[in-house]
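# Structural description and commentary
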Amino acid sequence: QVQLVESGGGLVRSGGSLRLSCAASGRTFSTDHMGWFRQAPGKEREFVAVISRSGRITDYADSVKGRFTISRDNAKNTVYLQMNGLKPEDTAVYYCAADSGLNVAVAPQWYNYWGQGTQVTVSS
């Protein structure tokens, strides 16, 4: 059974930073592209960032480019999301997800496995 467990969420002031982690188990981590998504109340789940199996390819939503950085440590079966310059509009539940497909994807329907989410709240 594949498990993805996010951690690192919390309450932070505008302009602050957080580092999210997602630990994977039950599957060979290095075979999957890994993504971060977020969902704010009353809104659809949206793409935040993705990293390829090897870590050589990354992509970001325009809203977070230059502020967020995705990385992975295949030896630790963990993917990270470093979030700097946080804004109130970044407030959401953040989910990590694994995609076993061929190409890096930004659409959530391509992802096979999801974590339970971690809450990020940014106060103004």
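Okay, so let's go over this structure. On a predicted model such as this, the values are computed, not experimentally measured, just so you know.

Inspection of every chain in the model, using the stated rule, returns five salt bridges. One salt bridge in this structure joins D62 and K65, with 3.3 Å as the shortest N-O distance. What makes K65 partly exposed here is its relative accessible area of 47%. Via salt bridges that share partners, R38, E46, R67 and D90 belong to a single interconnected network.

What follows deals with the packing of aromatic side chains. Counted by the stated rule, this structure contains four aromatic pairs. Judged by centre distance (5.0 Å) and plane angle (80°), the rings of F37 and Y111 are edge-to-face. Here F37, found in strand β4 (residues 33-39), pairs with Y111, found in the loop between β9 (92-99) and β10 (113-114); they are 74 residues apart in sequence, far enough to count as distant. The two residues F37 and Y111 agree in class, both being buried. Taking the centre distance of 5.0 Å and the plane angle of 55° together, the rings of F37 and W114 count as tilted. One end of the pair, F37, is in strand β4; the other, W114, is in strand β10, with 77 residues separating them in the sequence. Chaining the aromatic ring pairs together yields one cluster made of F37, F47, Y111 and W114. A cation over a ring is seen here: R45 above Y95, with NZ or CZ 3.9 Å from the ring centre.

Turning our eyes to something else, we now look at the nonpolar core. W36, L81, M83 and Y94 are the most contacted members of the largest nonpolar core, which totals 34 residues. Breaking this core down by element, the ones donating at least two residues are β3 (18-25), β4, β5 (46-51), β7 (68-73), β8 (78-83), β9 and β11 (118-123).

Looking at the secondary structure, you find H33 in strand β4. Within the structure, H33 has its side chain in polar contact with the backbone oxygen of G101 (distance 3.5 Å). Among residues more than four places away in sequence, those in contact with H33 are I51, S52, R53, R72, A97, A98, D99, G101, L102, N103, V104 and Y111.

A few words on the pairing of β8. Of all six residues that make up β8, five are buried, and the element is covered over most of its length. Pairing geometry for β3 and β8, over six bridges, is antiparallel. In the strand pairing of β8, C22 is matched with V79. Sheet topology places β7 next to β8; six bridges connect them, and they run antiparallel. Its bridge partner lying in β8, D73 is registered against T78. The hairpin formed by β7 and β8 contains four residues between the paired strands, and N77 there has a positive phi angle of roughly 55°.

What the four strands build is an open sheet, ordered β1-β3-β8-β7; its pairing is antiparallel. A single partner strand is all that each edge strand has here, and the edge strands are β1 (3-7) and β7. Geometrically, the sheet is characterised by an average inter-axis angle of 15° between neighbouring strands, direction not taken into account.

Basis of the calculations
- Residues numbered from 1 in each chain as written.
- Predicted model: local features only at pLDDT ≥ 70, side-chain atom pairs only at ≥ 80, totals over all residues.
- Heavy atoms only, no water.
- Salt bridge = Lys/Arg side-chain N within 4 Å of Asp/Glu carboxyl O.
- Buried < 20%, exposed > 50% of the residue type's maximum accessible area, 1.4 Å probe, protein only.
- Phe/Tyr/Trp six-rings, centres within 6.5 Å; stacked < 30°, edge-to-face > 60°.
- Helix = DSSP H or I, 4+ residues; strand = E, 2+ residues; numbered from the N terminus.
- Lys NZ or Arg CZ within 6 Å of the ring centre and 35° of its normal.
- Core = buried A, V, L, I, M, F, W, Y, C linked by side-chain atoms within 4.5 Å.
- Polar contact = N/O pair within 3.5 Å; in protein donor to acceptor, adjacent residues only side chain to side chain.
- Contact = heavy atoms within 4.5 Å.
- Pairing = 2+ DSSP bridges.
- Axes fitted to C-alpha atoms, helices over the stretch in contact; angles between N-to-C directions.

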